[in-house]
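A look at the structure
Spelled out from the first residue to the last, the chains are:
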Amino acid sequence: MSKPVITDTIKYIGVDDKTIDLFESQYVVPNGVSYNSYVILDDKIAVMDTADARASEEWFANLQAELNGKTPDYLVVSHMEPDHAGTIGKLIAAYPDITIVGNAKTFTMLPNFFELGDVKTLVVKEKEELSLGQHTLQFFMAPMVHWPEVMVTYEKSSKILFSADGFGKFGALDTDEDWACEARRYYFNIVGKYGVQVQALLKKAAALDIEMICPLHGPILKENLGYYIGLYDTWSSYKPENKGVLVAYASIHGNTAKAAEQIAQMLRDLGEEKVAVTDLAREDIAEAIEDAFRYDRMIVAASSYDASVFPPMELFLLKLKAKGYQNRKVAIIENGSWAPSAAKKMREYLDTMKNVEILEPVISIRSTVKEETVSQLKAMAEMVKNA
């Protein structure tokens, strides 16, 4: 990987991890992930976060190469999650006189992960500054984006925002892929519950003159920052990003799947430009969550199971609720051979979500798609298209 260029005095020391299969042991990352970290070289030297312990050797080698024999004065900890703080112990062991910079909540969490002994600390508060010489760091608290101790740092001379997990994405830096797709999946599955807190952070950022954003995951953002900030504003306010329909289905023997595919094609035939279809039993549920938030409408189709709903659909709806799904319109299709129960359970979950309108009527299939079912699907497709 060719290292990203920040400035002549701010160096990238992060690591690409292409060996990881599941981020946070639940999110598929086919193109890996980056653990971003930076060092600011000035009269005083500041290290901006560390890296996951699984990348500690490469990260430490990157740091030492940039230090070129010098000793760092500060470690700024923006986030205590192990993928960023996992190498703090190694750093302190090598440089015992370094001062850890964090907020009060940082130092409440630090002993949970490390036994550091009598380490030097500097507790900072909202808008406080730390001069390194030519560079000045200003700190802004970002609680619950997405842990309570999170803070971001603004470097005033270069107009750089070190944004913690904000504006991050899945994928190693050597991956050539669309930013929005994997940033969206990252945002809604990891940060999505905390839209109110993200909005609060965006208001703080709006008062700053930002020319570059350096996140803890994903590429450094240097151009067209309004595009990225605009997406974050849309995502964190729970507004649909695009007009479109997600058809999410959970099918046992394939009959519910056939109904889902048929109504998706009907929507396309009616001129709906964006129709996404996902098999919740087989495909990445994190992508299904992403699409549910991306589009303004959704159709959920599921088989009945144990007098309830087929578990892949139940898991999907539970995750949607946990991530704050709201402000959408949803249609329901159920299937049941003798006692359909899926629609009732799906409705129960959807009714707990804010401003989710259930489009009536519900379609109830008895085992297989029949002629009367096709006419019902056509009517539902027209209803969803015009909703």
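To be clear, the structure that these remarks concern was listed above.
Below, the structure is looked at part by part. (Residues numbered from 1 in each chain as written. Predicted model: local features only at pLDDT ≥ 70, side-chain atom pairs only at ≥ 80, totals over all residues. Heavy atoms only, no water.)

**As for the overall build of the protein chain**
Within the protein chain, the regular secondary structure consists of 12 helices and 21 strands. Each principal axis of the C-alpha atoms in the protein chain carries an extent, and together these give about 75 × 35 × 35 Å. The buried share of the protein chain, taken over its 387 residues, is 57%. Counting contacts in the protein chain only where the partners sit at least 6 residues apart, residues at least 24 apart contribute 71% of the total. With an accessible surface of roughly 16,400 Å², the protein chain has 48% of that area assigned to carbon and sulfur atoms. Distance between charge centres in the protein chain, computed from 41 positive and 55 negative side chains, equals 5 Å. (Helix = DSSP H or I, 4+ residues; strand = E, 2+ residues; numbered from the N terminus. Buried < 20%, exposed > 50% of the residue type's maximum accessible area, 1.4 Å probe, protein only. Contact = heavy atoms within 4.5 Å. Areas by Shrake-Rupley, 256 points an atom, 1.4 Å probe, with all protein chains shown as cover. Lys, Arg positive; Asp, Glu negative; His and termini not counted. Charge placed at Lys NZ, Arg CZ, Asp CG, Glu CD.)

**Digging into the pairing of strand E21 (residues 356-365)**
Examined bridge by bridge, strand E20 (residues 328-335) and E21 share 7 bridges and lie parallel to one another. Bridging across to E21, arginine 328 finds its partner in valine 356. (Pairing = 2+ DSSP bridges.)

**Observations concerning the packing of helix H5 (residues 179-191) against helix H9 (residues 285-294)**
Two elements in contact, H5 and H9, have axes separated by 9 Å at closest approach and are oriented at 95°. If you check the angle between H5 and H9, you find them roughly perpendicular. Judged by residue contacts, Cys181, Arg184, Arg185, Phe188 and Asn189 of H5 engage Ala286, Glu287, Ile289, Glu290, Phe293 and Arg294 from H9. Among the residues forming the contact of H5 with H9, the class breakdown is 5 nonpolar, 1 polar and 5 charged. (Axes fitted to C-alpha atoms, helices over the stretch in contact; angles between N-to-C directions. Parallel < 35°, antiparallel > 145°, perpendicular 65-115°, else oblique. Nonpolar A, V, L, I, M, F, W, Y, C, P; charged D, E, K, R; others polar.)

**Points about the environment of tryptophan 235**
Among the secondary structure elements, tryptophan 235 is positioned in helix H7 (residues 225-236). Since its relative accessible area comes to 1%, tryptophan 235 is described here as buried. Along the chain, tryptophan 235 and lysine 323 lie 88 residues apart, while their C-alpha atoms are 12 Å from each other.

**A short note on the pattern of salt bridges**
Applying the stated rule across the entire model yields 18 salt bridges. Note that lysine 159 is salt-bridged to glutamate 211, the shortest N-O span being 3.7 Å. With a gap of 52 residues between them, lysine 159 in the loop between strand E13 (151-155) and strand E14 (160-162) and glutamate 211 in the loop between helix H6 (195-206) and strand E15 (212-214) connect regions that are remote in the sequence. In this structure, the salt-bridge partner of arginine 185 is glutamate 182, at a minimum N-O distance of 2.8 Å. One end of the pair is arginine 185 and the other is glutamate 182, both in helix H5 and 3 residues apart, which spans about a single turn. Comparing arginine 185 with glutamate 182, the two get one shared label, buried. One network of salt bridges, with partners in common, ties together Lys243, Glu272, Asp296 and Arg297. (Salt bridge = Lys/Arg side-chain N within 4 Å of Asp/Glu carboxyl O.)

**Points about the packing of aromatic side chains**
Tallying each qualifying case throughout the model produces 20 aromatic pairs. Ring centres of tryptophan 179 and tryptophan 235 lie 6.3 Å apart, and the angle between their planes is 10°; on these two criteria the pair is classed as stacked. Of this pair, tryptophan 179 sits in helix H5 while tryptophan 235 sits in helix H7; the two residues are 56 residues apart in sequence, bridging distant segments of the chain. By relative accessible area, which is 8% here, tryptophan 179 ends up buried. Note on tyrosine 187 and tryptophan 235: the rings are 5.6 Å apart at their centroids and 35° apart in plane angle, and the pair reads as tilted. A residue pair is termed long-range when its members are at least 10 positions apart, and tyrosine 187 in helix H5 and tryptophan 235 in helix H7 qualify at 48 residues. (Phe/Tyr/Trp six-rings, centres within 6.5 Å; stacked < 30°, edge-to-face > 60°.)

**What to know about the sheet that holds strand E7 (residues 46-48)**
Strand order in the open sheet formed by 6 strands is E1-E6-E7-E8-E9-E10, with mixed pairing between adjacent strands. The sheet is open, and its two borders are formed by strand E1 (10-12) and strand E10 (120-123), each paired with just one other strand. The mean inter-strand angle of the sheet, taken between neighbouring strand axes irrespective of direction, is 25°. Where strand E6 (residues 38-40) and E7 come together, 3 bridges link them in antiparallel fashion. Each bridged residue has a counterpart across the sheet, and for isoleucine 40 the counterpart in E7 is alanine 46. Where helix H4 (residues 104-113) meets the sheet, it contacts strand E9 (99-102) and E10, and its direction lies at approximately 120° from that of E9.

**Side note on the sheet that holds E13**
The strand order across the open sheet formed by 5 strands is E11-E12-E13-E14-E15, and the pairing between neighbours is mixed. With partners counted over all chains shown, the strands left at the sheet margins are strand E11 (129-131) and E15, one partner each. Neighbouring strand axes in the sheet, compared pairwise and without regard to direction, differ in orientation by 20° on average.

**Thoughts on the side chain of glutamate 290**
Position of glutamate 290 relative to the elements: it lies in helix H9. We classify glutamate 290 as buried; its relative accessible area is 3%. Discounting residues that sit within four places of it in the chain, glutamate 290 has contacts with Cys181, Arg184, Arg185 and Asn189.

**Topic: the packing of H6 against H7**
At a closest axis distance of 8 Å, the pairing of H6 and H7 adopts a crossing angle of 145°. Considering the relative orientation of H6 and H7, their crossing is left-handed. Of H7, the residues touching H6 (which contributes Gly195, Val196, Val198, Gln199 and Leu202) are Ile229, Tyr232, Asp233 and Ser236. Considered class by class, the residues forming the contact of H6 with H7 number 5 nonpolar, 3 polar and 1 charged. (Left-handed = near helix turned anticlockwise from the far one by under 90°.)

**Things to note about H4**
Because an α-helix completes one turn every 3.6 residues, residues spaced three or four positions apart along the sequence face the same direction. Of all the positions in H4, only Thr106, Phe107, Met109 and Leu110 are classed as buried. Summarising the axial view, the buried residues of H4 lie within an arc of 165°, below the 170-degree limit, and thus occupy one face. Exposed side of H4, more than 90 degrees from the buried face: Ala104, Thr108, Pro111 and Asn112 are the residues found there. Here the buried face of H4 lies against helix H3 (88-94), E9 and E10. Capping the start of H4, asparagine 103 holds a side-chain oxygen 3.0 Å from the backbone nitrogen of lysine 105, two or three residues further along. (Arc of directions from axis to C-beta. Polar contact = N/O pair within 3.5 Å; in protein donor to acceptor, adjacent residues only side chain to side chain.)

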